[in-house]
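What follows is each chain in one-letter form.
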Amino acid sequence: MELRRAAITAVGHYVPEKILTNAELEKMVDTNDEWIRTRTGIRERHIFDQGPTSEMVVKAVQNLLLHRGVSAEEIDLIIVATITPDMMLPATACVVQEKIGAKNAWGFDLNAACSGFLYALSVGARFIESGVHSKVLVIGADKMSSITDYTDRNTCVLFGDAAGAVLLEPSVEKEYGILDQCMYSDGSGGAYLNLKAGGSLNPPTHETIDKKMHYVFQDGKAVFKSAVVCMADVSDEIMNRNKLKGCDIAWLVPHQANLRIIDATAQRMGIDSSKVMMNIDKYGNTTAATIPLCLSEWWQAGKLQRGQKIVLAAFGAGYTWGSMLIQWSLASPEKP
Ligand code: ACO
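Residues numbered from 1 in each chain as written. Predicted model: local features only at pLDDT ≥ 70, side-chain atom pairs only at ≥ 80, totals over all residues. Heavy atoms only, no water.

*Asks:* Just to check I follow, could you spell out the site of the ligand for this structure?
*Replies:* Taken together, 27 residues surround the ligand, and among them T31, R39, C114, K221 and N258 come closest. Contacts to the ligand include T31, whose side-chain N or O atom sits 2.6 Å from a nitrogen atom. Note that an oxygen atom of the ligand is positioned 3.3 Å from one of the side-chain N or O atoms of W35. Computed on the free molecule, the ligand has an accessible area of 1000 Å², of which 78% lies beneath the protein chains in the complex. A per-class count over the shell around the ligand returns 13 nonpolar, 9 polar and 5 charged. Two domains share the shell around the ligand, each providing at least three of its residues, namely domain 1 (6-170) and domain 2 (177-327). (Near = heavy atom within 4 Å. Polar contact = N/O pair within 3.5 Å; in protein donor to acceptor, adjacent residues only side chain to side chain. Areas by Shrake-Rupley, 256 points an atom, 1.4 Å probe, with all protein chains shown as cover. Nonpolar A, V, L, I, M, F, W, Y, C, P; charged D, E, K, R; others polar. Domains from an automatic or database assignment.)

In structure tokens:
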């Protein structure tokens, strides 16, 4: 069977209205706006207080289907990358399937933390490339506020809530779509970024709650050291492998965890900061949602254009990391 290429044919996102600013965080923990901005690049983040992760997903997906003119019944597969599922079971993908009425789809969740969307895109693309499916919804969504300890200044300044989604379909032209990818994981990083309770290792008890083991834990310094090297290495790798220089790339679409990590990656790739998608100042780290949120915002603004080569790059808990090279095929939205 001839290999088909998978292309992103629609994008959508949802960001909750409620904003949590650095000034508000100053009143909650011992921190300040200057520290947060200079160490991370974050000015504010959005908080979803209207329900679980699936509710944000539904809004992002409905938006996407409307733009593409595709009905939910036409979807073959739903992959939800998240570390904040509605429940331990069933999978949030099944909850989403029911809520949007994707009667003919099957689906599952994928946990790769901040690399979740990239991993999910990689998996989804295989179903298109092999000819098994024609319409795959790939979603990155996290309600990080549900696992964040708002008395811990090390983590609470970092995270926000959002959902982003893309539709994968077979590419009409061979040179468009997902061209290449590099994916990695290293389980030795588990000690530095984790959520200890709630799983089979530490089933929830009063003790796990008292010890705040149901919140995300991060040794920021250790994670930073690995993130900055891995994201730059994996982005460099995909560029070299495809014989590309910085000037060949229209956009770097990095996971939004820290402005300094993003800058280091762009520098290594020889990409000017004007060609880096960046919205960390507005949303903070929305984990699996950061990359589809960037793609959707830039596309809606008409800045992400058909024919452009873009590189996606992410690093997250696991450790997990990866990069992807795409020749963008979706035409800009029509101006109203
Ligand atoms: N306000 C003020 N001071 C703070 C705050 C805060 N919010 N948080 C920490 N500090 C203090 C620390 O206590 C420390 O004080 P000390 O020197 O007296 O001990 C000092 O600031 C420096 O702390 P560091 O942790 O060394 O700060 P750093 O410059 O490393 O920045 C950060 C911390 C932003 C977390 C950074 O390490 C980082 O971005 N790490 C990587 C994050 C990442 O990529 N994660 C992966 C994706 S997330 C996922 O997968 C779920």
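*Asks:* It is not clear to me how the pairing of strand β7 (residues 161-170) should be interpreted in this structure. Could you clarify?
*Replies:* On a regular strand, one side chain projects to one face of the sheet and the next to the other, so that they alternate. Of all 10 residues in β7, 9 are buried; the element is thus mostly enclosed. Judged from the 8 bridges that link them, strand β1 (residues 6-14) and β7 form a sheet pairing that is antiparallel. Within β7, the residue paired with A7 across the bridge is E169. (Buried < 20%, exposed > 50% of the residue type's maximum accessible area, 1.4 Å probe, protein only. Helix = DSSP H or I, 4+ residues; strand = E, 2+ residues; numbered from the N terminus. Pairing = 2+ DSSP bridges.)

*Asks:* Quick question: what am I supposed to make of the domain arrangement of the protein chain here?
*Replies:* Each assigned domain of the protein chain is listed here: domain 1 (6-170) and domain 2 (177-327). For domain 1 versus domain 2, the distance between C-alpha centres works out to 14 Å. Between domain 1 and domain 2, the residue contacts involve 51 residues of the former and 48 residues of the latter. Contact with domain 2 buries area across many residues of domain 1, yet H13, C114 and L118 alone supply 17% of it, more than any other trio. At the surface where domain 1 touches domain 2, the tally comes to 1 salt bridge. (Contact = heavy atoms within 4.5 Å. Buried area = accessible area lost by both parts, 1.4 Å probe. Salt bridge = Lys/Arg side-chain N within 4 Å of Asp/Glu carboxyl O.)

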